[in-house]
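Descriptive structure summary
This is what each chain is made of:
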Amino acid sequence: MSLLLYFSPHSCCLAWKGIVGIFFLPIILSGFASCPKHEDGKVTWSNWSHLNPLTLKKRSEGLVGRCAHFTLEGHKFLIFGGSIHYFRMPREYWRDRLLKLKACGFNTVTTYIPWNLHEPERGQFYFSGNLDMEAFVLLAAKIGLWVILRPGPYICAEVDLGGLPSWLLQDPNMKLRTTDKGFVEAVDKYFDHLIPRVIPLQYHRGGPVIAVQVENEYGSFNKDKDYMSYVKEALLKRGIVELLLTSDNEKEIEQGSVEGALTTVNMDSFKEKFFSRFRQMQRNKPILVMEYWTGWFDSWGRKHHVKSADEVEQTVSELINREISFNAYMFHGGTNFGFINGAVYFGMHRGVVTSYDYDAVLTEAGDYTEKYFKLRKLFASISEKPLPLSPQHTLKTVYPSVRPSHFLPLWEVLQYLNEPVKSHIPVNMENLPINNGSGQSFGFVLYETSICSGGYLHAEVHDIGQVFLNYTILGVLNEKVQDLFIPNFTECQLLRILVENQGRVNFSWKIQDERKGLIGPVKINNVSLEGFTIYSLEMKMSFFQRYVPLYLQRQQGVIRRPKLASPPISLAGVNLFLYLKPHPFQGWVSGFVFINGHNLGRYWNIGPQETLYLPGVWLHPGDNEIILFEKISSGSHIYSTGLPKL
């Protein structure tokens, strides 16, 4: 495994010295015309700077769909939207990404609101730091951008369980995304907390929010004919007054629509025949492509997806020429830091990779792409006022490799964890009696029990389980492999099964059954085992606060069992984007990287992703603590490079 780094002096100044070395001028895109002008077949848009969230004070009529187009305060309005997820980057970078959106020529930012991150435990809500949704929305307004919010409760977004909190899975009878009593009660309590935060951000209250989405892509799920009406009314009765809309793929827009909300579509290219049918289905309403996919996400073990800049430019040009509003998904993808990634299931479970670069308009690290420059040129050609200057590029550098100097086998960490759970039978991750009764959402679970004979082991594991006899690994179990032979031995031994949650499926009916850990009994020769000690390995910041003070043994040779490896690295005076690169000659196989307690996410040598991104704002002057949790085999060095490899 190798480690790749690059850095930005600009961000360095912001993060470490409190002095901004490169200034972003607060130039605001003035907007587009109230009416289009056709000159030699070209569409241009006049200035309507008075329809800017910064300067528009007198407000009477928000976003309305009239005939074939939207209006805002009665003026014709095309939505040029771009998706940015505030929860997929450090808060310190929000301004940079939003400025780049504005400078490219967009007038609207769209974002999902992830329930599972905002309410990780029942009744415990978090809206601060990187999860300060209100601050993100208000910052967008200051930059001159309108906002479309997508609060779910289900959002997909390639996040764990589609943004639903995992504690909903504790009740095996609950039906997710339906009017099931238990699910509705949970949504109501969440909305009771969330929507009051949204109300003052709405257009009619002086905020930038011009539209709110009802659920997400329900047409592909479609399990309850009453559910969409319930979600719509839940928003309305709590005070949402702006335009409501739904969002579905082409083939499912009718199943996912609901009366009283504008139907919008998600698609990967311009399709004239579809739009003709769509206009017939939703007469006298404007068309909004809620998601025009500028790229696609990746999953482990599959190829990296790309979409050409020419194709994106051509599609956006077609949409503009036909006066169709659209949202570029994604403008900036960001990163699935920690364990927030979702998964796909097409015959087998595959976790979404750590990077959510998405081959978007900006890279994972916020850098410009060919797509950005082509779209900026396109938008500039139809704007009667010059676009704002684009923020400067970030500079990159490469650092010398570092060698892990210490290691700590997982078994020696157990004594520093919280008290383990004692159970007669295995308990799945979500039902562990921890976190105030909300169970465990992410990470690993270690199951231990004593056995006194070998034989054929059977266990249902989700997603991957390493089986050990004391300290010796015997094999791996997963959804396809549920049986393993254990050789005979003398005296009783400790059977250990370390199970990793690699991300819950975020799309389709499979979300209903996405419990992780050991599911059901564990048997040897068809006899159920009993008496389990269960350790929760959530890898939270508190875990490393216990770990770092420990005396770490000097690494000697290759360790072929789960362990923590730690090289100290001095990075004083710079800000860097750090990459860890799995390399077949360096020995690292699969695990996670933490720096100063921040979880950068998963690495895995099956690809396609080979680098991990580290925001420079997570570093500090002097020594920075890098910790690798390696599941299989230790490597020799951590290397850096100036470019990601996805």
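This structure is a prediction, so every number in the text was calculated from the model and none was measured.

Cut-offs applied
- Residues numbered from 1 in each chain as written.
- Predicted model: local features only at pLDDT ≥ 70, side-chain atom pairs only at ≥ 80, totals over all residues.
- Heavy atoms only, no water.
- Helix = DSSP H or I, 4+ residues; strand = E, 2+ residues; numbered from the N terminus.
- Phe/Tyr/Trp six-rings, centres within 6.5 Å; stacked < 30°, edge-to-face > 60°.
- Buried < 20%, exposed > 50% of the residue type's maximum accessible area, 1.4 Å probe, protein only.
- Core = buried A, V, L, I, M, F, W, Y, C linked by side-chain atoms within 4.5 Å.
- Expected span 1.5 Å × (residues − 1).
- Contact = heavy atoms within 4.5 Å.
- Salt bridge = Lys/Arg side-chain N within 4 Å of Asp/Glu carboxyl O.

By secondary structure assignment, the location of Leu138 is in helix α4 (residues 133-143). With 63 residues separating them along the chain, Leu138 and Leu201 place their C-alpha atoms 7.6 Å apart.

Attention now goes to the packing of aromatic side chains. The description of an aromatic ring pair uses the distance of the two centres, along with the angle that the planes make with each other. Under the definition given, this model contains 41 aromatic pairs. Judged by centre distance (5.4 Å) and plane angle (80 degrees), the ring pair of Tyr329 and Tyr358 falls under edge-to-face. Taken together, the residues span a long stretch of sequence, with Tyr329 in strand β14 (residues 325-332) and Tyr358 in the loop between β16 (349-351) and α10 (370-382) at a distance of 29 residues. By relative accessible area, Tyr329 is classed as buried at 2%.

So, about the nonpolar core. Core analysis: the biggest nonpolar cluster contains 124 residues, and Phe106 and Phe379 have the highest contact counts within it. Sorting elements by how many residues they give to this core places helix α5 (residues 181-198) first, with nine residues. Membership of the second largest hydrophobic core comes to 26 residues, among which are Val427, Val467, Leu469 and Ile497.

A word on helix α9 (residues 309-321). Between its first and last C-alpha, α9 extends 18 Å over 13 residues, near the 18 Å set by a 1.5 Å rise per residue. Buried within α9 we find Ala309, Val312, Thr315, Val316, Ser317, Leu319 and Ile320. The inward-facing, buried residues of α9 abut β7 (80-84), α8 (272-281), β13 (288-293), β14 and α10. Looking one or two places after α9, you find Glu323, whose phi comes out positive at around 55 degrees.

Here we come to the pattern of salt bridges. The final tally for this structure, using the stated rule, is 30 salt bridges. Between Arg197 and Glu134 there is a salt bridge whose closest N-O contact spans 2.8 Å. One end of the pair, Arg197, is in helix α5; the other, Glu134, is in helix α4, with 63 residues separating them in the sequence. With a shortest N-O distance of 2.7 Å, Arg504 and Glu430 are connected by a salt bridge. In this pair, Arg504 is assigned in the loop between β25 (493-500) and β26 (517-518) and Glu430 in the loop between β18 (421-423) and β19 (444-451), connecting sequence segments 74 residues apart. The pair Arg504 / Glu430 is uniform in exposure class, with both members buried.

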